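# Coordinate inspection notes
What follows is the residue order along each chain.
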Amino acid sequence: MFAPGKSSRAKYAELVVGRPGLGPLIKHELVVLTAQAVPGALGLALRKMLYPWLLGSCGRNVVFGQNVVLRHPHKIRLGNDVVIDDNCLLDAKGESNRGIAIGDRVFVGRNTILSCKNGDIELADGANIGFNCEIFSASRVAIGASVLVAAYTYVVGGDHDFSDASTPVLEQGRTSAGVTIGDGAWMGAGAKILDGVTIGAHAVVGAGAVVRSDIPAYGVAVGIPARVVSTRTP
């Protein structure tokens, strides 16, 4: 991105389009110009018709809200009956990753960010992501079927190496073990799920909790750091 002599067009294409050449860039820009910011029913119809031209795959009856931004869209795959609400960012960028895979009947609330840094994000069938959430992956983040992620939740599938105190953290390497959230789990509003965590099926994480270690299936965890306080009865 910051290589000397690289043109602004090349930087933009690398960041947003993810494919070399003038053709993919023009195609992307025409779709964005024509549909991205158009309000109302006309905008919904235009995005439903044009956005699939950019995507790796797109199922039936997918709804894209106003100002939905797609980066490296050829690595974004959507199932049937998906809703991506207004002002969301789906960023699948990376050199060797598969990108973002969203199953059937998934809802992604407004202002939510799905962000890859050469990682993968998987949202299984029926997952519901609230507004103003962020899901970040530098390796793999997998959210199971019918998982409920409440508003302002962060799922952080990556971390920074800060072992060298004499070097800015920004200039040190990134580490990532990934995050897995099992089917039917519920992340309360404002929860923070940190890298390397596995949350079992049907577990509940309380609002505002910071999860640094695994939560078993059917466990109920609260606090900073989160700890298991009870177990749900199946």
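Just so it is clear, the model here is predicted, and its values are computed rather than measured.

### Here's the deal with helix H3 (residues 40–50)
The complete set of buried residues in H3 reads Gly-43, Leu-46, Arg-47 and Leu-50. Down the axis of H3, the sector holding all buried residues measures 95 degrees, keeping them to one side. Residues of H3 that are buried make contact with helix H2 (22–36) and strand E2 (63–64).

### Focus on a nonpolar patch on the surface
A cluster of nonpolar side chains, Leu-22, Ile-26 and Leu-30, forms an exposed patch at the surface whose accessible area comes to about 280 Å². With respect to the helices and strands, the residue Ile-26 is situated in helix H2.

### Things to note about the pattern of salt bridges
Using the criterion set out here, one finds seven salt bridges in the structure. In this structure, Asp-86 engages Arg-110 in a salt bridge whose closest nitrogen and oxygen atoms are separated by 3.3 Å. Of this pair, Asp-86 sits in the loop between strand E5 (83–84) and strand E6 (89–91) while Arg-110 sits in the loop between strand E8 (107–108) and strand E9 (113–116), and the two are 24 residues apart along the sequence. Measuring nitrogen to oxygen at the nearest pair gives 2.6 Å for the salt bridge that ties Asp-91 to Lys-93. Residue classification places Asp-91 among the buried positions, given a relative accessible area of 2%.

### Considerations on H2
With 15 residues, H2 should reach 21 Å at 1.5 Å per residue; the first-to-last C-alpha distance of 20 Å fits that figure. Among the residues making up H2, those that are buried are Leu-25, His-28, Val-31, Ala-35 and Gln-36. What you see down the axis of H2 is that its buried residues fit within an arc of 135 degrees, all on one side. Across from the buried face of H2, at angles greater than 90 degrees, the exposed residues are Leu-30 and Leu-33. For H2, the elements touching its buried residues are helix H1 (8–17), H3 and strand E3 (69–71).

### Focus: the sheet that holds strand E12 (residues 134–137)
Strand order across the open sheet formed by seven strands is E3-E6-E9-E12-E15-E20-E23, with parallel pairing between neighbours. Looking at the sheet topology across the chains shown, the edges are occupied by E3 and strand E23 (210–211). In this sheet, E6 lies alongside E3 in parallel orientation, the contact comprising three bridges. Opposite Val-69, over in E6, you have Leu-89 as the bridge partner.

### Some remarks on the sheet that holds strand E11 (residues 128–129)
Sheet architecture is open: nine strands sit in the order E2-E5-E8-E11-E14-E19-E22-E24-E25, paired in mixed fashion. Each edge of the sheet is formed by a strand with only one pairing partner; in this case those strands are E2 and strand E25 (227–231). In this sheet, E25 lies alongside strand E24 (residues 219–222) in antiparallel orientation, the contact comprising four bridges. The residue bridging Gly-219 from the neighbouring strand is Thr-231, located in E25.

### Comments concerning the packing of aromatic side chains
Aromatic ring pairs are defined here through the distance separating the ring centres and the angle between the ring planes. Taken as a whole and assessed by the stated rule, the structure comprises two aromatic pairs. Centroid distance Phe-131 to Tyr-152: 5.7 Å. Interplanar angle 80 degrees. Geometry classified as edge-to-face. Residue Phe-131 is found in the loop between E11 and E12, and its partner Tyr-152 is found in the loop between strand E14 (148–149) and strand E15 (154–157); the two are separated by 21 residues along the sequence.

### Focus on unusual backbone geometry
Ile-224 connects to Pro-225 through a cis peptide bond whose omega is -10 degrees. Looking at where Pro-225 falls in the secondary structure, it is placed in the loop between E24 and E25. At Ser-146, a residue that is not glycine, the phi angle is positive and equals roughly 60 degrees. Mapped onto the fold, Ser-146 is located in the loop between strand E13 (140–143) and E14.

### Structural notes on the environment of Asn-61
Inspection of the secondary structure assignment puts Asn-61 in the loop between strand E1 (57–58) and E2. Through-space distance from the C-alpha of Asn-61 to that of Asn-80 is 6.1 Å; in sequence the pair is 19 residues apart. In this structure the side chain of Asn-61 is engaged in a polar contact, spanning 2.9 Å, whose partner is the side chain of Asp-81.

### Notes on the side chain of Asp-86
Within the local environment of Asp-86, its side chain forms a polar contact with the backbone nitrogen of Gln-66, the two atoms lying 2.8 Å apart. A polar atom in the side chain of Asp-86 sits 3.3 Å from the side chain of Arg-110. If near-sequence neighbours (up to four positions away) are discounted, Asp-86 is found in contact with Gly-65, Gln-66, Arg-110 and Asn-111.

Procedures and definitions
- Residues numbered from 1 in each chain as written.
- Predicted model: local features only at pLDDT ≥ 70, side-chain atom pairs only at ≥ 80, totals over all residues.
- Heavy atoms only, no water.
- Buried < 20%, exposed > 50% of the residue type's maximum accessible area, 1.4 Å probe, protein only.
- Helix = DSSP H or I, 4+ residues; strand = E, 2+ residues; numbered from the N terminus.
- Arc of directions from axis to C-beta.
- Contact = heavy atoms within 4.5 Å.
- Patch = residues over 30% accessible without salt bridge, like charges linked within 9 Å, V, L, I, M, F, W, Y side chains within 5 Å.
- Areas by Shrake-Rupley, 256 points an atom, 1.4 Å probe, with all protein chains shown as cover.
- Salt bridge = Lys/Arg side-chain N within 4 Å of Asp/Glu carboxyl O.
- Expected span 1.5 Å × (residues − 1).
- Pairing = 2+ DSSP bridges.
- Phe/Tyr/Trp six-rings, centres within 6.5 Å; stacked < 30°, edge-to-face > 60°.
- Polar contact = N/O pair within 3.5 Å; in protein donor to acceptor, adjacent residues only side chain to side chain.

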